[in-house]
Each structure stands twice: as structure tokens, then as C-alpha cells.
Amino acid sequence: MKYSTFILILSLPLFFSCSHEDETPSAPINNVISSAGIIEDEINSTSVIIYGDERRDILIAFNRRLQDGTLLDFEMVISKFPVVLVDQEGTEWDIFGNAISGPRSGESLIPLHAVKGFWFSLSSMYAEVTLFNEDSKSILPSDGEDPEWLVNPEMVFRSTFKDAIRSLDNPTFQSFSKKDLIDNIDLSDEDLVILNKINDEIYIYPINVLNWHEIVNHTVGNTTFTVSHCPLTATSFIDRVTSERFGVSGLLYNNNLVMYDQETETYWSQILNKGIHGELMGASFDRTNIVETNWETAKSLVIEDATILSFETGFDQDYSQYPYGDYRENQDRISYPLTFYDMRLPYKEIVLGIEVNGSVKVYRYEHFEQ
Amino acid sequence: MLALTVSIHYCYSQSCCTGGIPFTGSLSVNNVESKSLQLELRYDLNSLDDLIQNGERLDNNINFRSTHTVMLQVSYGLFKNFTISALTPYVWLNEEVTAFSGEQRYQSSGLGDLMITGSYSIINTNSTNIGLGGGIKLGNGKTKIEGSDGFVLPPTLQPGTGSTDYILFASFNHQLAIRKQAKVDGSVFRQFNTESSSFASFSSYKFGNSWQFFTTYYDQFLIGGLIFTPSFGLRGRVADEDEINSNLNNNTGGFWLSLTPGIGADITKKLAISVNENIPIYRSLNGFQLTTTHRLILSLRYTL
């Protein structure tokens with residue numbers, strides 16, 4: 001995107017309640033809390049806090065330990081969404097991991113490598129996957145050893161050609177008032193969106209658009225973000241990157257998006273957050289906090305204006321159509337072979353997996369029910 | 001604003017177009033006289049530039065595909081009214097993607113699937129012929145061609161299907177009483193496909209079963225000592241959705257209707273040539289599909 005456009009975007013008066021502690025939006029689903037909850041847990045000696053809210057399609061996780069070494073204990077905040085946590089010191093934290101009020105106002109929680117997506121995408125990707133509150137672990141067969149690959153290349157498949165699924169490289173954003181947002185955006189309440197909070201501004205990326213493009217290369221100021229979504233694993237990430245452009249390689253690893261960077265042509269596994277083949281093999285992205293939620297929730301966060309990825313992308317698909325038919329609902333529909341088929345959960349159940357030093361613990365929405 | 005369209009992971013729609021030969025669209029089911037041998041060499045160009053979503057053609061597609069197929073069909077009149085036939089194709093597949101860095105071209109070629117048919121004329125008079133037949137398509141064609149990077153190419157660049165499929169057909173032709181030089185013919189094909197465990201990178205892939213029908217009007221004119229046979233017809237095809245691991249691939253299957261103008265000429269008593277074009281006039285396709293923009297078939301037939 002051109003810098004002038006970004007300056008324009010940055011100058012837009014966009015306000016979300018999360019950046020205004022004295023404003024509480026009237027979210028229509030604020031009173032429904034039965035599906036929301038928090039879990040404090042330990043994964044490989046790392047203390048984590050997870051917030052789950054099925055009604056809002058939110059599963060997020062943070063490190064409980066701050067940069068200064070303080071270990072926070074949290075309670076859930078019920079009626080001040082997007083503030084969802086309060087710690088023992090009285091600091092209130094929002095869904096982006098930002099301290100909104102209290103003694104640590106302005107600080108941020110440290111993000112974890114958390115993967116929200118289909119169960120099969122986690123259970124096939126990692127060597128050791130444990131379910132929360134259960135002892136059973138899956139141990140994957142070891143990958144074949146190929147010095148040029150970080151993963152077993154025999155499990156990498158070409159579904160289409162490089163760039164045949166075209167990333168959005170010069171994304172256009174539109175600013176809407178709250179009323180116009182509801183009238184003009186062709187999304188239903190249950191459609192998912194990704195929220196990217198940059199400084200105090202929140203950018204909204206509809207999954208309906210990402211289902212078709214999978215990558216948005218979005219530059220804000222001097223920072224380039226790669227916003228990626230794999231429709232086959234239902235996983236979304238936002239990474240701060242150094243290459244100006246990432247593209248869709250047309251390869252899938254365990255049915256998950258494999259990206260390439262324009263500069264070195266290295267292949268990158270979206271879920272693993274690793275270069276898996278090429279010059280930058282083994283390198284990782286600087287992964288940022290991501291909030292994926294439904295449109296109903298996103299709208300409720302808007303106080304005045306919102307900045308949303310435009311549907312006028314230069315491509316003329318009908319973005320309201322999901323391109324893969326019953327893929328999301330059909331539990332048995334997995335197109336390319338997986339490294340491991342773990343039947344402990346339905347393959348397409350949406351879960352959150354938190355990876356710490358190669359071990360993954362998985363949390364289901366039902367774990368948060370109160 | 002320039003409008004473009006992108007592909008997706010399962011935008012194949014190749015069951016009649018690529019990923020195996022377009023055999024029922026090119027198969028000749030004419031009755032051959034007893035003890036006569038007929039050789040037919042055909043070239044089939046299938047150009048797929050139309051990207052369809054919800055029944056509408058999207059503009060400025062970035063993905064183009066073409067298949068070039070050379071087919072040899074050998075038919076022999078085994079008994080009176082009974083003809084056996086074998087058709088073998090060789091396929092060149094091309095895909096172009098207008099990528100970020102410019103136009104990328106991908107190609108592959110190889111033997112397609114062999115088809116063997118038998119047909120019997122239940123009515124065979126001077127003016128009318130009605131036949132019934134059936135056949136089998138073997139899964140011998142190449143299905144795991146790799147690209148330069150070592151990965152098996154996507155389904156759209158595989159010449160074979162890897163499946164053994166079955167076909168039933170009925171055909172008729174009738175010389176018009178009011179104009180002896182004019183003829184109408186028609187045929188209906190029903191194809192039953194089976195699962196392939198060796199198609200591209202899939203554990204299991206099954207092309208959707210299909211119906212096809214053809215009806216054509218032919219006339220004849222004598223020009224410069226040669227008999228020319230212009231023709232005009234309709235071709236229709238209805239296909240079920242393909243299946244990946246027994247689950248429907250929603251971006252396949254549908255209904256296609258094409259006009260089929262053509263012209264033929266009898267060069268000698270034994271040698272005939274013809275050219276036919278397929279022009280889509282109606283499509284009702286499932287999901288999101290790259291499909292035929294036009295198709296050209298050149299045919300050279302020699303009867304011994």
C-alpha cells in the first residue's frame with residue numbers, strides 16, 4: 001500500500017472501546033457469559049492465561065509473566081468487553097493483551113505461539129499434543145530426514161500453482177462510521193474477522209476475503225505485516241516481516257498454507273511459524289497478538305469509525321461465498337494426506353493450541369463453559 | 001479498477017477437459033462395415049479461460065489452461081453390425097498463471113487413458129441406423145507427473161485419471177426423406193467412474209458420473225468435385241461432483257450446453273477430414289470453476 005494511503009488511514013478518527021477506558025460499548029451479547037471463561041495453566045514451565053468465549057468465537061492466550069518477571073494472577077471481567085481480565089494488582093487487560101486501566105496501564109502481555117484452528121491441523125503438525133485436563137498425548141512418527149527441509153517433504157503437496165491464489169499486495173482499506181459499517185459491509189453476524197491493533201488503531205480483515213486470497217501484505221508506516229489465513233486449517237496469523245511481500249506457494253503441509261517470501265523464495269509453514277525450505281530455513285516470524293472473532297462482536301467494539309479491508313480488492317470474486325462448500329462442517333473432508341490422524345477430537349473442531357518448546361496443549365471451547 | 005480473479009485449492013473441473021482425455025466428446029461411435037478397418041486421427045484443443053462463479057463469468061481471469069490431445073481411434077467391423085474400437089490419446093497440458101512476478105507457465109504431457117468399446121447396430125437400414133454400445137476406460141494414463149521442483153503436479157496437469165471407468169451409449173443416424181443429402185444423428189453417453197487411488201496427490205479421487213448427449217444435422221454439397229458436409233449441432237453434458245476421499249468436491253460438476261458447428265469433406269472415397277468447434281452457450285456449474293471457452297476438433301478418417 002502507498003504511504004500516502006497509510007497516512008490517510010492513520011489520520012482517520014477511529015476509536016474502539018478498548019482504547020478508551022471510560023467508554024463501554026453496548027455489546028448485544030455482553031450478558032451472555034455461559035460460554036466464556038478463563039484458564040490459568042502451565043505448559044512446559046510457562047505460565048499461561050487463556051480466554052475462551054464461544055459466543056464471540058474468541059480463543060486467545062498470553063504469557064502470565066510480564067517482561068519484568070512479575071507473575072500475574074487473573075480473574076475474568078464479565079461486563080466490560082473488550083476488557084476481559086483483571087489481575088491481582090487491579091490492572092484491567094483487553095482481548096489484545098493491552099492494559100487498559102490500573103497501575104500497569106499502557107503495558108502489554110507477552111504473546112504466545114497460539115494456534116486457533118481445526119483440531120486436525122494441530123494434531124498432525126506437532127510431535128506432542130496434549131489435551132487440557134487429559135493425560136493422553138499423541139506422539140507423531142518422526143519425520144523423514146532431509147537436510148534441505150525442516151519438515152518431511154513427502155507430506156508437502158502441491159494443490160495449485162504459485163500465486164494462482166493471489167495475495168493482496170496493495171490492500172485498500174475503507175473507513176466507515178458505525179452506522180455505515182452495519183449498512184454497507186456485506187458480512188453476516190457469524191462471519192469471522194481478524195482484528196489487528198496497530199498503535200491505537202484497529203484494522204479489520206474479513207475472513208471472507210482471506211478465504212480467497214489467504215495473505216494480505218499490509219504495510220503501516222515502516223512496518224510490514226503479513227496477515228495470513230489458511231481456509232483448509234482455519235488458522236490465522238499476523239506476522240511482522242522483513243520481506244516486503246509474501247505469496248501463496250500453492251503447496252500445503254498437512255493441508256496448511258505454505259507461504260513464500262518474494263526476497264529469498266523461502267517456503268514458510270504458516271502454523272509452525274518457520275521457514276521450512278530455502279535460504280531462511282529455521283527462521284521464524286515476529287508473530288503478533290491476533291484476535292479472531294465474529295462480525296457481531298467486531299461491530300460491537302466500534303464506537304465511531306472502523307477501518308476495514310475493502311471488498312474492492314481488484315479481484316471480482318463473490319466474497320460472500322465460501323469457496324470450499326461443506327469443508328468446514330464435514331468432519332471427514334480432509335483433502336491431502338496428514339502426517340498423523342488423531343481421532344481424540346472431531347477433525348474440524350475449532351480449538352486453541354499453545355506451543356511451548358515443541359509441546360502443544362490444546363483447549364476446547366467447552367473447557368471455558370461456566 | 002482492473003478486475004482479476006484468483007484460483008483456489010480445489011478449482012479443478014477437469015473431468016471433461018483435462019485430467020484425462022475428453023474421450024466421450026471425441027469418440028466416434030459409427031458402425032463400421034464387417035471386416036473393414038477404420039483409422040481416425042483426431043486433434044482436440046480445449047481452451048479453458050472462463051472462470052465461473054455462481055453461474056457468472058468473472059472478468060480478467062489470471063489463470064488459463066489449455067489441453068492439446070492427439071487421439072488415434074482404431075475401429076474394426078468384427079461381425080455384421082458389430083464394431084469394436086480402441087482409442088488412445090496423448091495429451092499436452094498447459095497452465096498459465098499471471099503471477100506477481102509475471103507470467104508463469106507450467107506444462108506436462110503424457111499418455112492418457114485407453115478406451116475400448118464395442119457397439120452393435122440393432123437397426124441398420126439404408127436410411128437409418130440405431131446402435132447400442134458400451135466400453136471400458138482403463139486407468140493406464142500418467143497420473144503422477146512431477147514438476148521441476150519435485151512435487152507431483154496438480155490434477156489439472158495430469159493426463160490420466162488412474163481409474164477404470166465404464167461407459168454405455170446409444171446412437172442413431174437417419175437420412176432425411178425430404179432431402180437425401182441431409183442426415184441427422186445423435187448419441188447419448190452414460191459414464192460411470194470409479195475411485196482412483198493414484199490420481200495426483202490424493203489418496204482417493206473419483207470423477208463425477210456423467211451424461212452426455214450430441215445431436216447434429218448434416219448436409220452435403222458438391223463443390224469442385226469434392227463432397228463437403230457442413231454440420232450444426234448441440235452438445236450437452238451433465239456431471240456429478242467429483243469426490244475426494246469420498247467427500248464431494250464442490251467446485252466440480254454441473255451442466256454444459258454447446259453449439260457444435262462443423263464442416264467435413266470427403267477427400268477420396270476412403271479419406272475424410274472434418275473440423276468441429278464447440279461454443280459454450282449455457283453453463284450452470286457448481287461452485288467456482290475454470291471451464292471451456294472453446295474447443296476445436298480436427299479429424300482425419302481413413303477406411304481400409
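See the structure shown above.
Quick summary incoming for the structure in this document. Owing to the predicted nature of the structure, the values given are computational and were not obtained by experimental measurement.

Close approach of charged atoms lets side chains of opposite charge pair. All names here are of chain A. With the rule as written, the count across this model stands at 31 salt bridges over all chains. Arg64 is the salt-bridge partner of Glu40, the closest N and O atoms lying 3.6 Å from each other. Linking Glu40 in strand E1 (residues 36-43) with Arg64 in the loop between strand E3 (58-63) and strand E4 (74-76), this pair joins segments that are 24 residues apart in sequence. A relative accessible area of 7% places Arg64 in the buried class. Note that Glu349 is salt-bridged to Arg364, the shortest N-O span being 2.7 Å. In this pair, Glu349 is assigned in the loop between strand E25 (305-309) and strand E26 (350-356) and Arg364 in strand E27 (residues 359-364), connecting sequence segments 15 residues apart. Each member of the pair, Glu349 as well as Arg364, carries the same accessibility label: buried.

Our next topic: the side chain of B:Arg235. All names here are of chain B. Note that Arg235 resides in strand E14 (residues 226-239). Buried Arg235, no salt bridge; nearest opposite-charge side chain is Asp44, N-O distance 6.8 Å. Polar side-chain contacts of Arg235 include one of 2.9 Å to the side chain of Gln212. A distance of 2.9 Å separates a polar atom in the side chain of Arg235 from a polar atom in the side chain of Asn278.

Residues and elements named next belong to chain B. Looking at the secondary structure, you find Leu72 in strand E4 (residues 63-79). The class of Leu72 is partly exposed, set by a relative accessible area of 36%. For Leu72 and Pro89, which are 17 residues apart along the polypeptide, the C-alpha to C-alpha distance reads 6.4 Å. Discounting residues that sit within four places of it in the chain, Leu72 has contacts with Glu40, Leu41, Ala86, Leu87 and Thr88.

Secondary-structure assignment places B:Gly162 in the loop between strand E8 (128-137) and strand E9 (165-175). Excluding residues that lie within four positions of it along the chain, B:Gly162 makes contacts with B:Asp113, B:Gly139, B:Thr143, B:Ser196 and B:Ser198.

The subject of this paragraph is the pairing of strand E16 (residues 215-220) of chain A. Residue and element names in this part refer to chain A. For E16, a buried count of six out of six residues is recorded, marking the element as mostly surrounded by other parts of the structure. Burial along E16 is two-sided: the face carrying Ile215, Asn217 and Thr219 and the face carrying Val216, His218 and Val220 are both buried. Pairing geometry for E16 and strand E17 (residues 223-230), over six bridges, is antiparallel. Opposite Val216, over in E17, you have Val227 as the bridge partner. Adjacent in sequence and paired antiparallel, E16 and E17 are bridged by two residues, among which Gly221 carries a positive phi angle near 60 degrees.

Calculation rules
Residue numbering note: each chain is counted from 1, following its sequence as written. Key to labels: chains lettered from A, ligands numbered from 1, both in the order written. Under the rules for a predicted model, residues below a pLDDT of 70 receive no local features and side-chain atom pairs below 80 are neither given nor counted, while totals for whole chains, interfaces and linings still include all residues. To get the side-chain values, take all heavy atoms of the structure and skip hydrogens and water. Throughout this description, the term salt bridge denotes a Lys or Arg side-chain nitrogen within 4 Å of a carboxyl oxygen of Asp or Glu. Secondary structure follows DSSP: runs of H or I at least 4 residues long count as helices, runs of E at least 2 residues long count as strands, and numbering of each begins at the N terminus. Burial classification: accessible surface area is computed with a 1.4 Å probe over protein chains only, and a residue below 20% of its type maximum counts as buried, one above 50% as exposed, and the rest as partly exposed. None of His or the chain ends enter the tally, which takes Lys and Arg as positive and Asp and Glu as negative. For this analysis, a polar contact is any N or O atom pair within 3.5 Å, provided that within protein one partner can donate a hydrogen and the other can accept it, and provided that sequence-adjacent residues contribute only side-chain to side-chain pairs. Whether two residues are in contact is decided by their heavy atoms, any of which lying within 4.5 Å being enough. Paired strands, in this sense, are two strands between which DSSP finds at least two bridges.

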